[in-house]
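Spelled out from the first residue to the last, the chains are:
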Amino acid sequence: MCTRLTIDEGNSSTKIALWRDGVIRAECTCREGTPEHIRQVAGNLLPVDALIFCTVCRRDRARTEATLAPFARKIIYLDAQTPLPIANDYRSPQTLGSDRIAGAIGAWTLHPDRTSLVVDMGTAITYDVVTADGRYIGGNIAPGIFVRLEALEHFTSALPAVETDGDVPRWGYDTETAMRAGCVRGVVGELQYYRHCLDPEATVVLTGGSADLITPFISSPVTVEPNLVLIGLNRIIDYNENT
């Protein structure tokens, strides 16, 4: 029985998953991942065979690895030097968010025979492309929906604070709906533009905490996978254990 932990630390939350024989058996999402959260997910299976850690935050690598060491026999701290199952064509791989490359690998794992547009709807929205032959060719970064709404309030003198919950009409009928629809449907338009830049056979793989805000308005087929980055992280462990 093979046991693994995948940890994805984002700007707003951390996802921890326990894998047994290639399947997620337990998971949690928390504000900040702690050793106690790891113990909660893995229980009496600690130490696991392998653990991979992915973060978008600035971390002291040595300290992080020392904190994680008791929980696994092998630790992988995902960075630009980590061997990957796909080619990375980014010109500055050291500046590429590890969650972005992990998400691309997750999409390639789910759709190995198709080019994928990977859309991660978090604090920032990332649009990344991985080809059917396993090449990460790059992508774009844009403000997330919450950031857009907060920016409108912060940088104007008259616009109010608006929550994402509520009506999202095609055309706003008051200031609140105009702002909400502009931000939510604007992201939909962004996504569909990038989709049309790709081959007609390409697929869209959507993940991230705000994914459910836009899926009702997307007209083209998409795959929604909340654990996309975790799937990619598990695939990276596979590759490192078999090479």
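Concerning the pairing of strand S7 (residues 116-121)
Where burial is concerned, most of S7 is hidden: six out of the six residues are buried. Of the two faces of S7, the one carrying Ser-116, Val-118 and Asp-120 and the one carrying Leu-117, Val-119 and Met-121 are both buried. Two elements, S7 and strand S8 (residues 124-130), share six bridges in a ladder whose sense is antiparallel. Counterpart to Ser-116 in the pairing with S8 is Val-130. Hairpin geometry of S7 and S8 is characterised by an intervening segment of two residues between the two adjacent antiparallel strands. Sheet analysis places S7 next to strand S10 (residues 203-207), joined by five bridges and oriented parallel. In the sheet register, Val-118 faces S10, and the bridge partner there is Val-205.

Regarding the sheet that holds S10
Overall, mixed pairing links the six strands, which are arranged S6-S9-S8-S7-S10-S11 in an open sheet. On the outer flanks of this sheet lie strand S6 (87-88) and strand S11 (223-224), each paired with one strand and no other. Taken together, the seven bridges between S8 and strand S9 (residues 135-143) define a ladder with antiparallel strand orientation. Bridge assignment links Val-130 to a residue of S9, and that residue is Tyr-136. Along the sheet, helix H4 (residues 145-154) contacts S7, S8 and S9; its crossing angle with S9, the most-contacted strand, is approximately 30°.

As for the nonpolar core
The biggest cluster of nonpolar side chains holds 27 residues, and the ones touching the most others in it are Leu-78, Ile-86, Ile-101, Val-130, Leu-233 and Ile-236. Looking at this core, the elements that each hand over two or more residues are strand S2 (14-20), strand S4 (50-55), helix H3 (98-110) and helix H7 (228-241). Looking at which element gives the most residues to this core, the answer is H7, with seven residues. Beyond its immediate stretch of four places on either side in the chain, Ile-236 contacts Ile-52, Leu-78, Thr-82, Pro-83, Leu-84, Pro-85 and Ile-105. Of all hydrophobic cores here, the second largest spans 26 residues; its members include Val-129, Val-184, Leu-191 and Ile-218.

A closer look at the packing of H4 against helix H5 (residues 175-196)
The relative placement of two packed helices comes down to the angle between their axes together with the axis-to-axis distance. Between H4 and H5, whose axes approach to 10 Å, the crossing angle comes to 140°. Classified by the interaxial angle, the pair formed by H4 and H5 is oblique. Once H4 is placed against H5, the crossing between them reads as right-handed. From H4, Ile-145, Arg-148, Leu-149 and Leu-152 reach across to H5, where they touch Met-179, Arg-180, Cys-183, Val-184, Val-187 and Glu-190.

Quick notes on the packing of aromatic side chains
Two descriptors summarise a pair of aromatic rings, namely the distance from one centre to the other and the angle between the planes of the rings. Tallying each qualifying case throughout the model produces four aromatic pairs. Between Phe-53 and Tyr-77 the ring centres are 5.5 Å apart and the planes differ by 45°, which places this aromatic pair in the tilted class. In this pair, Phe-53 sits in strand S4 while Tyr-77 sits in strand S5 (residues 75-77), placing the two residues 24 residues apart along the sequence. With respect to burial, Phe-53 and Tyr-77 carry one shared label: buried.

Details of the pairing of strand S3 (residues 23-30)
Looking along a regular strand, one sees side chains alternate from face to face of the sheet. Where S2 and S3 come together, seven bridges link them in antiparallel fashion. Counterpart to Leu-18 in the pairing with S3 is Ala-26. The turn joining S2 and S3, which pair antiparallel and follow one another in sequence, is formed by two residues; a positive phi near 55° is taken by Asp-21.

Quick word on the side chain of Gln-192
Inspection of the secondary structure puts Gln-192 in helix H5. Look at Gln-192 and you get buried, because its relative accessible area is 19%. Sequence-distant contacts of Gln-192, that is, excluding residues within four places in its chain, are made with Phe-217, Ile-218, Ser-219 and Ser-220.

With respect to a negative patch on the surface
Residues Glu-150, Glu-153, Glu-163 and Asp-165 make up a contiguous surface patch of negative charge. For Glu-153, a relative accessible area of 38% translates into the label partly exposed.

Conventions adopted
Residues numbered from 1 in each chain as written. Predicted model: local features only at pLDDT ≥ 70, side-chain atom pairs only at ≥ 80, totals over all residues. Heavy atoms only, no water. Buried < 20%, exposed > 50% of the residue type's maximum accessible area, 1.4 Å probe, protein only. Helix = DSSP H or I, 4+ residues; strand = E, 2+ residues; numbered from the N terminus. Pairing = 2+ DSSP bridges. Contact = heavy atoms within 4.5 Å. Axes fitted to C-alpha atoms, helices over the stretch in contact; angles between N-to-C directions. Core = buried A, V, L, I, M, F, W, Y, C linked by side-chain atoms within 4.5 Å. Parallel < 35°, antiparallel > 145°, perpendicular 65-115°, else oblique. Left-handed = near helix turned anticlockwise from the far one by under 90°. Phe/Tyr/Trp six-rings, centres within 6.5 Å; stacked < 30°, edge-to-face > 60°. Patch = residues over 30% accessible without salt bridge, like charges linked within 9 Å, V, L, I, M, F, W, Y side chains within 5 Å. Areas by Shrake-Rupley, 256 points an atom, 1.4 Å probe, with all protein chains shown as cover. Salt bridge = Lys/Arg side-chain N within 4 Å of Asp/Glu carboxyl O. Lys, Arg positive; Asp, Glu negative; His and termini not counted. Charge placed at Lys NZ, Arg CZ, Asp CG, Glu CD.

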